[in-house]
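Listed below are the residues making up each chain.
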Amino acid sequence: MPTTELGDQLTVSSLGFGGMGLTQVYGGTTPEAALATIHATTDLGVTLLDTADVYGEPRPGTSGPPGTNEELFGQVLATRRSEVQIATKFGITGAVGDGIPTRGDAAYVQAACEASLRRLGVETIDLYYLHRRELDRPIEETVGAMADLVRQGKVAHLGLSEVTGPELRAAAAVHPIAAVQSEWSLWSRDVETHVIPAAVEVGAGFVPYSPLGRGFLTGALTKESIAGTMLAGQARFDEHFEVNQRVVEVVRSVAADVGATPAQVALAWLYAQGQRLGIPVVPIPGTRRAERMAENAGALSITLSEDHLSRLDTVAEAVQGGRNLGFAGPTWISAGRE
């Protein structure tokens, strides 16, 4: 597995793994199967494992982030700590869909980090993200508290998720930012307008989440498979499901040309786009099936021609429905605050 240097001298595998789907969210899986997927992913040479304190099953009778996803990764870290870099996030203090409260005060930053360290079973978090900022609190205050964690040795590198360009510049003035994590893919390109230029300016790398369009770009989703998941009722995946199939057809046509799968083409486009925009890119596709990560890794050996890139560049214009999840509100993503 090749490696990529993000920002702040953080070097990771060029493909990462997003763990959100291993607990709840997109449908159930067993802890045994989830652990097998993480181990198989690590066997491939993937070193960047991504989780968050808010991912997982709600705990009956408790409030705040569930933490069960972190605990799952902690079981892997117990035996394979030296092989990986663990990234986790804080800032969302309640279940997604319940108003989505956030906190970024210094006391909460400290407490959230210590709770994540316990669940992960590690002494240091390699990459610690502000998952969502508290909008009425200056981001400099929250990043200042995160910088204290670096000085304490509890965190090695800092990241930000779904920040605007100005927010990123303000944060980077307080402490170097290694990575920005936001949705970015063939059909979600709003970050290219303001966020990616700011990341290039401050020397941060980019970690696209949902690089496969939450599975839509692979062509594998059906309305039946979406039912009962967080995608149900979202415009892109519901009322516009059929018209957005033309997006999938473009990806499939390029995949046929290069002898690849649609997932591999979608990831290869991201790597190529990173080169065109001058920013290091490490996508973190998630899956509940180990063989899918092996498929995803194949994207690293695919070269897309200028003709292929031109055809794929038309995809975003054909999409119907925005990328924000309907229950979250417009300011939940960076584009809603720009």
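Here's what I pulled together on the structure shown here.

Analysis parameters
Residues numbered from 1 in each chain as written. Predicted model: local features only at pLDDT ≥ 70, side-chain atom pairs only at ≥ 80, totals over all residues. Heavy atoms only, no water. Phe/Tyr/Trp six-rings, centres within 6.5 Å; stacked < 30°, edge-to-face > 60°. Helix = DSSP H or I, 4+ residues; strand = E, 2+ residues; numbered from the N terminus. Buried < 20%, exposed > 50% of the residue type's maximum accessible area, 1.4 Å probe, protein only. Lys NZ or Arg CZ within 6 Å of the ring centre and 35° of its normal.

**Looking at the packing of aromatic side chains**
And then number 1: Going through the model one piece at a time under the given rule, you end up with eight aromatic pairs.
And then number 2: Ring geometry for Trp187 against Phe216: centres 4.8 Å apart, planes inclined by 15 degrees, an arrangement best described as stacked. Taken together, the positions of Trp187 in the loop between β8 (179-183) and α6 (195-202) and Phe216 in the loop between β9 (205-209) and α7 (223-226) put the pair 29 residues apart, joining distant regions of the chain. As far as burial versus exposure is concerned, Trp187 and Phe216 are alike and both buried.
And then number 3: Geometrically, the ring pair formed by Trp187 and Phe237 is edge-to-face, given 5.6 Å between the ring centres and 85 degrees between the ring planes. Of the two residues, Trp187 sits in the loop between β8 and α6 while Phe237 sits in the loop between α7 and α8 (245-258), which places them 50 residues apart along the sequence.
And then number 4: The class for Trp187 is buried, based on a relative accessible area of 3%.
And then number 5: Among the residues examined, Phe237 registers a relative accessible area of 6% and is labelled buried.
And then number 6: Clustering of aromatic rings is evident, with ring pairs tying together Trp187, Phe216, Phe237 and Phe241.
And then number 7: Lying over the aromatic face of Trp187, Arg236 brings its terminal NZ or CZ to 4.4 Å of the ring centre.

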